[in-house]
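An overview of the molecular structure
Spelled out, the chains give:
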Amino acid sequence: MIKSSKPHCPAPGRHALDQMPPPLPPFLPPHLRRRCFSTAPAWHDPPFAARAAEQHCLRLLERSSSPSAVLQSLAFLLKSGLHSNPLVLTRLFASTASAAPALLEPLGAALLGPSVPIDAFLVNTLIRAHATSPLPSARLRAASFFPLMLRSSVLPNKFTFPFLLKACAALPDSPGVGLQAHATALKSGFATDHYVSNTLIHMYSCFGGGFLGDARNVFDRMPKSSAVTWSAMIGGYVRGGLSSDAVGLFREMQTSGVRPDEVTVLGVLAAAADLGALELARWVGRFVEREGIGKSVTLCNALIDTLAKCGDVDGAVAVFQGMEERTVVSWTSVIDALAMEGRGKEAVGVFEEMKTAGVPPDDVLFIGVLTACSHAGMVDEGRGYFDSMKMEYGIEPKIEHYGCMVDMFGRAGMVERAMEFVRTMPMKPNPIIWRTLVAACRAHGRLELGESITKNLLNEYPAHEANYVMLSNVYALTQRWKEKSEIRREMSKKGIKKVPGCSVVELDGEVHEFIAGDESHPQWKEIYMMVEEMARELKRMGHISATSEVLLDLDEEDKAGALQWHSEKLAIAFVLLRTPPGTQIRVVKNLRVCSDCHAAIKCISRVYNREIIVRDRSRFHRFKNGCCSCNDFW
C-alpha cells in the first residue's frame, strides 16, 4: 500500500470554523485587504492576546471619526478575528453611523452572518444607527432588525422600543409595522415607559391624520409632568394639519404649570404660521424673552418664518437684524419673507449683503431670490441670478429653479419666452411647471395654448385634481358649458373634488374659519348683512364685479351675487363688525385670491380706512388706501 508523502492535516472542528473570519468586504481598499493577511490569524493567539486585541479594536473604533479611520479599524477587526464579537460589532456600527453613514448598509450585509451572537445591545445599536441615518434607504431598513432579535430569542429592553418606534415612524405607508411594534411593547410591559410613550405619540402622528386619535389616546394615559410629552402631542397635531388643536393643547399645557421648552415653542410657532395667528406668534416671541428660553439660531429662524407667514415681515426683519449668529437658513428665511410680500428689491439687497458678509449661498436660498424677482417683476435681475448660480457659485440649477424662471416669465406676460425656456430645459418639466404655464396662459388670454397643455397633463396625470379644475376653468372662460359639465362629471366618477376656498382670521386669541356661502358661524346673519353693506359701498365707489371670475353658467347678476360671498369677504366683514375703526385686518386663505376679490379689497381698504393683509396660497397682499403692495403684479 502506497502512503501519501504529504503530512496529514485534519479538518478543523466546528469551533475553529466558527472563529474563522468571513470573506473580506468587496469595498475594502487594497492596502487594507493586504493588511488583513499581514499577520497570523487570531485563532492561534492565546486568550489574553485576544482580549488585548478586543480592547485595542474598541479604542480604534472610539477614535474613528472619518470613513478612512472606520475602514482601518475594520481591517484590524478582521485581522484579529473579532468579526463574531458582539461588543466590537456594536461599537463598529455605532462609529460607522456617525463617521461613515454610506458604509453602514454594506457593513451590515457583510458582517451579520449566522455565526454572530445576537444581544439586545447590538440590535438596539443597529436599529438606532439605521433610524438616524441621513440615507433614506438605511432609515427604511431600520425596523427590519427587530425580527432578528426575536428570532434569536433575545428579549427587548426599554431602550429597544424608542429606537424601533422611531424607525417605524419613517414608514408612514406601512402603519401595520408600527402597530405590531406597539403590540410587542404592550406584551413586553414597556408601553407605559415614559420614553416609549413619547415615541409612540411621535410615531402615530407621522402616520397621518387618521392616527392622531391613537396618538391622543397614548397622551391621555400618560403622566404629563414633562414638556417632552406635551411637545410630542403638539408637534403631532401640527404634522397632522390640526394646528388649532395644537394651539389649544399649548394653552392646556400652560394651565397645567409645565414649563415649555424650545421644542414646544418650535411646535407652537409652526401652528401659528399655519393659521396666520400673528398675535400668538408675537406672544411666543415675548414669552421666549420673559422665560429665558435660549434663543438659538433654530428658534430665531423659526420666529422669522412664522412672523413672515403671519404678515409681519418688518417684525421678521427685526428678529433677523437682532441675531448675533446667522446661518444660511437665517438669510434664506428673511429673503423668503420679503419675497412673499413682493418686496423684491429689498430681498435682493439682503442677498447682496449676505455675499458681502462672506456667507456662501446654497440652492435653497436661490429659490428665495428667484421668487423675489418673480413676484416683483424683476425679470432681468432674475435671469442674472439664475445664470450666476452655475457660473459664479458652481450650483447646478434644479427643477425648482427652472420653475421659478417659468413663473417669472409667465407673470411678466412673456408666455412665449416661458414656453421656449421650458423647451430648452435639461430635464423633463414636471406637472408644476406645466400648471404654472397654464396659469400664465389664462392670465394673459392664451386660452388655446392653456387648453392644449392641460389636455396633455390630463393624459399623463389622470388622477390629479388640479388638472381637471384647470381644464374646467378654461372651458368656462370660453363659455363651453357642455365640455365643462363633462369634465365635472368625470371628476365625480373618479371621486375627485375641488378644494373649497377657506379664509381664516385670528381675533381675541380665537381662530375663525369661513367658507364661501357657509352659515355655520354663530354670527353669520350679522356677517352677511355687513357683506351687503360692503357691496353697496363698493357700488357707490364705482366698483364693477369681475364676473369673468365666476366659472358657472349664470347670468351676470347671479355671477355678481356669487362673487359677493367669497370666503375672504366674509372674513373681512366679520373683523369689521368686531373691531374698532382703524384696526388692521389679517386674513389667511388656502387658495389664490381671485381678481374680483383683489380689486374689491383695495376699495374696502379705502372706504373703511383699514389696512388689510391677505396671505393667499403663494404670497402676501397688503391693501392700504385703495392700493396693494403687489402693485397688481400677481
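Residues numbered from 1 in each chain as written. Predicted model: local features only at pLDDT ≥ 70, side-chain atom pairs only at ≥ 80, totals over all residues. Heavy atoms only, no water.

1. Observations concerning the nonpolar core
Counting residues in each nonpolar core, the largest one holds 139 residues, and the members touching the most others are Leu-92, Ile-201, Met-203, Met-233, Ile-335 and Phe-351. Sorting elements by how many residues they give to this core places helix H18 (residues 297-309) first, with 8 residues. With residues up to four places along the chain from it excluded, the contact list for Ile-201 reads Ala-215, Val-218, Phe-219, Met-222, Thr-229, Ala-232 and Met-233. Membership of the second largest hydrophobic core comes to 31 residues, among which are Val-505, Leu-507, Leu-570 and Leu-576. (Core = buried A, V, L, I, M, F, W, Y, C linked by side-chain atoms within 4.5 Å. Buried < 20%, exposed > 50% of the residue type's maximum accessible area, 1.4 Å probe, protein only. Helix = DSSP H or I, 4+ residues; strand = E, 2+ residues; numbered from the N terminus. Contact = heavy atoms within 4.5 Å.)

2. Overview of the sheet that holds strand S5 (residues 620-624)
The 6 strands are arranged S2-S1-S3-S4-S5-S6 in an open sheet whose pairing can be described as mixed. Edge positions in the sheet fall to strand S2 (510-515) and strand S6 (627-628), since each has one partner strand and no second. Bridge analysis of strand S1 (residues 502-507) against S2 gives 6 bridges, and the strand direction is antiparallel. Directly across from Leu-507, in S2, lies its bridge partner Glu-510. (Pairing = 2+ DSSP bridges.)

3. Re the packing of aromatic side chains
On inspection of all chains with the given rule, the structure shows 18 aromatic pairs. The interplanar angle of 15 degrees and the centroid separation of 6.3 Å between the aromatic rings of Tyr-204 and Phe-211 together place this pair among those described as stacked. Given a relative accessible area of 3%, Tyr-204 falls into the buried group. Here Phe-514 and Phe-574 contribute two aromatic rings whose centre-to-centre distance is 5.5 Å and whose plane-to-plane angle is 50 degrees, an arrangement assigned as tilted. Of this pair, Phe-514 sits in strand S2 while Phe-574 sits in helix H32 (residues 567-578); the two residues are 60 residues apart in sequence, bridging distant segments of the chain. Among the aromatic residues, those joined into a cluster by ring pairs are Phe-351, Phe-366, Tyr-385 and Tyr-393. Over the face of the ring belonging to Phe-219 we find Lys-224, whose NZ or CZ atom lies 4.9 Å from the ring centre. (Phe/Tyr/Trp six-rings, centres within 6.5 Å; stacked < 30°, edge-to-face > 60°. Lys NZ or Arg CZ within 6 Å of the ring centre and 35° of its normal.)

4. Some remarks on unusual backbone geometry
For Asn-609, which is not glycine, the phi torsion reads 50 degrees and is therefore positive. Among the secondary structure elements, Asn-609 is positioned in the loop between helix H33 (595-607) and strand S4 (612-615). Its identity as a non-glycine residue notwithstanding, Asn-625 has a phi of 50 degrees, on the positive side. For Asn-625, the location among the structural elements is in the loop between S5 and S6.

5. Considerations on the pairing of S4
The alternating pattern of S4 places Ile-612 and Val-614 and Ile-613 and Arg-615 on opposite faces, both of which are buried. Strand direction decides the pairing type here: strand S3 (residues 585-589) and S4, joined by 4 bridges, are parallel. Directly across from Arg-586, in S4, lies its bridge partner Ile-613. The parallel pair S3 and S4 is bridged by H33, and the resulting crossover is right-handed. As defined by bridge partners, S4 adjoins S5 across 4 bridges and the pair is classed as antiparallel. Across the sheet, Val-614 pairs through a bridge with His-621, a residue of S5. Linking S4 to S5, which pair antiparallel, is a turn of 4 residues. (Right-handed = clockwise from strand over helix to strand, strands pointing away.)

6. Re the packing of helix H22 (residues 363-375) against helix H24 (residues 399-411)
The N-to-C vectors of H22 and H24 enclose an angle of 5 degrees; their axes lie 9 Å apart at closest approach. In terms of orientation, H22 and H24 fall into the roughly parallel class. Counting all contacts with H22, which are made through Asp-363, Phe-366, Ile-367, Leu-370, Thr-371, Cys-373, Ser-374 and His-375, the residues of H24 involved are Glu-400, His-401, Cys-404, Met-405, Asp-407, Met-408 and Arg-411. Classifying every residue of the contact of H22 with H24 gives 7 nonpolar, 4 polar and 4 charged. (Axes fitted to C-alpha atoms, helices over the stretch in contact; angles between N-to-C directions. Parallel < 35°, antiparallel > 145°, perpendicular 65-115°, else oblique. Nonpolar A, V, L, I, M, F, W, Y, C, P; charged D, E, K, R; others polar.)

7. Things to note about helix H17 (residues 278-291)
Taking 1.5 Å of rise per residue, the 14 residues of H17 would be expected to cover 20 Å, and the 20 Å separating its terminal C-alpha atoms lies within 8% of that figure. Turning to H17, its buried residues number three or more, namely Leu-278, Leu-280, Ala-281, Val-284, Gly-285, Phe-287 and Val-288. (Expected span 1.5 Å × (residues − 1).)

8. Let's talk about empty space enclosed by the protein
Counted under the stated rule, the structure contains 2 cavities of 30 Å³ or more. Approximately 50 Å³ is the volume attributed to the largest cavity. As for the largest cavity, its lining consists of Phe-514, Asp-518, His-521, Trp-524, Ile-527, Tyr-528 and Leu-570. Per-element accounting of the lining of the largest cavity gives the leading share, 3 residues, to helix H30 (residues 524-540). (1 Å grid on protein atoms, 1.4 Å probe; cavity = no way out; pocket = protein on both sides within 12 Å on 5 of 7 lines; lining within 4 Å. Points joined across faces, edges and corners; volume = space filled by probe spheres on them.)

9. A word on the UniProt feature "repeat: PPR" (unreviewed entry) in the chain
Mapped onto this numbering, the UniProt entry gives "repeat: PPR" (unreviewed entry) at residues 226-260, 296-326 and 327-361. Secondary structure content for residues 226-260 is 77% helix and 0% strand, and the end C-alpha separation is 9 Å. The distance separating the terminal C-alpha atoms of residues 296-326 is 10 Å; by composition the span is 71% helix and 0% strand. (UniProt positions renumbered as here; feature names shortened; annotations may be inferred.)

10. Section: the side chain of Thr-332
With respect to the helices and strands, Thr-332 occurs in helix H20 (residues 328-340). At 2.7 Å, the side chain of Thr-332 and the backbone oxygen of Val-328 are in polar contact. The residues contacting Thr-332, other than those within four sequence positions of it, are Asp-362, Val-364 and Leu-365. (Polar contact = N/O pair within 3.5 Å; in protein donor to acceptor, adjacent residues only side chain to side chain.)

11. What about the layout of surface pockets?
In this structure, the second largest pocket encloses a volume near 520 Å³. For the second largest pocket, the lining is made up of 20 residues, of which Lys-166, Asn-198, Thr-199, His-202 and Val-228 are closest to its centre. Elements with a minimum of two residues in the lining of the second largest pocket: helix H7 (120-131), helix H10 (160-169), helix H12 (194-206), helix H14 (227-239) and helix H16 (262-275). At 5 residues, H14 tops the list of elements feeding residues into the lining of the second largest pocket. Grouping the amino acids of the lining of the second largest pocket by side-chain chemistry returns 9 nonpolar, 8 polar and 3 charged.

12. Focus on the confidence of the model for the chain
This prediction gives the chain a mean pLDDT of 84; 88% of its residues lie at or above 70. Segment residues 37-43 is flagged for pLDDT under 50; beyond a separation of four residues in sequence, or across chains, it makes 10 contacts in the model. (pLDDT = per-residue confidence, 0-100.)

13. Observations concerning the pattern of salt bridges
In this structure the tally under the stated criterion is 25 salt bridges. One salt bridge connects Asp-312 with Arg-282, and the closest N-O pair in it is separated by 3.2 Å. Taken as a pair, Asp-312 in the loop between H18 and helix H19 (313-321) and Arg-282 in helix H17 lie far apart in primary sequence, 30 residues in all. The partly exposed category is assigned to Arg-282, whose relative accessible area is 28%. The salt bridge partner of Asp-407 is Arg-411, with a shortest N-O separation of 2.8 Å. (Salt bridge = Lys/Arg side-chain N within 4 Å of Asp/Glu carboxyl O.)

14. Details of the environment of Leu-507
Summarising the element assignment, Leu-507 is placed in strand S1. Residues Leu-507 and Glu-279, spaced 228 residues apart in sequence, show a C-alpha to C-alpha distance of 8.7 Å.

15. Concerning the state of the cysteines
The tally for this structure, following the rule as stated, stands at 0 disulfides. Not part of a disulfide, Cys-404 finds its nearest cysteine sulfur in Cys-373, a span of 9.7 Å. (Disulfide = S-S within 2.5 Å.)

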